[in-house]
Amino acid sequence: SQNAIGGGGRYDGLVADLGGPSVAGIGFAIGVERLAMAMRPAEIKVTPDLVIAPLGAVAEAEGLRVARNLRRAGLRVEVEPGQKSLKSHMRRADKLGAAFVLILGEDELSRAVGVLRDLAAHEQSEIALDAERITARLRAGAAPSPRDDV
């Protein structure tokens, strides 16, 4: 009795028994929590378009701002929080299967740019921290020569 997720049946005479017209009827019930527990976890892997790798607390705050604007533009963006090394950020981006990494360090932030690294082409270039420019670059799929978008 405790193993049922849902139940139901036909109730053809119910309305007539209650004084109404003779109509066909059905009824059902479902235990939403039981249904959720019975479902197998979905193996959904969402690959981000871009991983933002902030190097420091100030860069992390700026990375979150840039990520918000890029998400509004329709991109899937991961921000790696915490004080991590660049190597750690790159390992995480590789594990997630990201095509691009936007590296934000103190030097870059002082010039309002980031380093956009194309992981497939093994190229990188500086790009202004502007959502439209970054979105256009990612949608184009390749990194141009260094400093093209600065």
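The coordinates are above.
If you're wondering where the values come from, they're calculated on a predicted model, not measured in any experiment. (Residues numbered from 1 in each chain as written. Predicted model: local features only at pLDDT ≥ 70, side-chain atom pairs only at ≥ 80, totals over all residues. Heavy atoms only, no water.)

Caption draft 1: Summary view of the sheet that holds strand β7 (residues 123-128). Read from one edge to the other, the open sheet built from 5 strands follows the order β4-β3-β5-β6-β7, with strand pairing classed as mixed. Of all strands in the sheet, those bounded by a partner on one side alone are β4 (77-79) and β7. Averaged over all pairs of adjacent strands, the angle between their axes in this sheet comes to 25°, without regard to strand direction. Relative to β7, strand β6 (residues 113-118) is paired through 6 bridges, and the arrangement is antiparallel. The residue bridging valine 115 from the neighbouring strand is glutamate 126, located in β7. Contacting β3 (50-54), β4 and β5 (100-104), helix α3 (residues 57-72) runs over the sheet at an angle of about 165° to β4. Against the sheet, helix α4 (residues 86-96) contacts β3, β4, β5 and β6, and its axis sits at roughly 165° relative to β3. (Pairing = 2+ DSSP bridges. Helix = DSSP H or I, 4+ residues; strand = E, 2+ residues; numbered from the N terminus. Axes fitted to C-alpha atoms, helices over the stretch in contact; angles between N-to-C directions. Contact = heavy atoms within 4.5 Å.)

Caption draft 2: Representation of unusual backbone geometry in the model. In this model, alanine 112 sits at a positive phi of 60°, which is unusual for a non-glycine residue. Along the chain, alanine 112 turns up in the loop between α5 (106-110) and β6. Located in the positive-phi region is histidine 122, a residue other than glycine, with phi close to 55°. Relative to the elements of secondary structure, histidine 122 occurs in the loop between β6 and β7.

Caption draft 3: Inspection of the pattern of salt bridges at higher detail. Overall, the coordinates contain 5 salt bridges when judged by the stated rule. Between aspartate 49 and arginine 76 there is a salt bridge, and its shortest N-O distance comes to 3.2 Å. Taken together, the positions of aspartate 49 in the loop between α2 (32-38) and β3 and arginine 76 in the loop between α3 and β4 put the pair 27 residues apart, joining distant regions of the chain. For arginine 76, a relative accessible area of 44% translates into the label partly exposed. In this structure, glutamate 126 and arginine 111 form a salt bridge, with 2.9 Å as the shortest nitrogen-oxygen distance. Of the two residues, glutamate 126 sits in strand β7 while arginine 111 sits in the loop between α5 and β6, which places them 15 residues apart along the sequence. It is possible to trace a salt-bridge network through shared partners that takes in Asp107, Arg111 and Glu126. (Salt bridge = Lys/Arg side-chain N within 4 Å of Asp/Glu carboxyl O. Buried < 20%, exposed > 50% of the residue type's maximum accessible area, 1.4 Å probe, protein only.)

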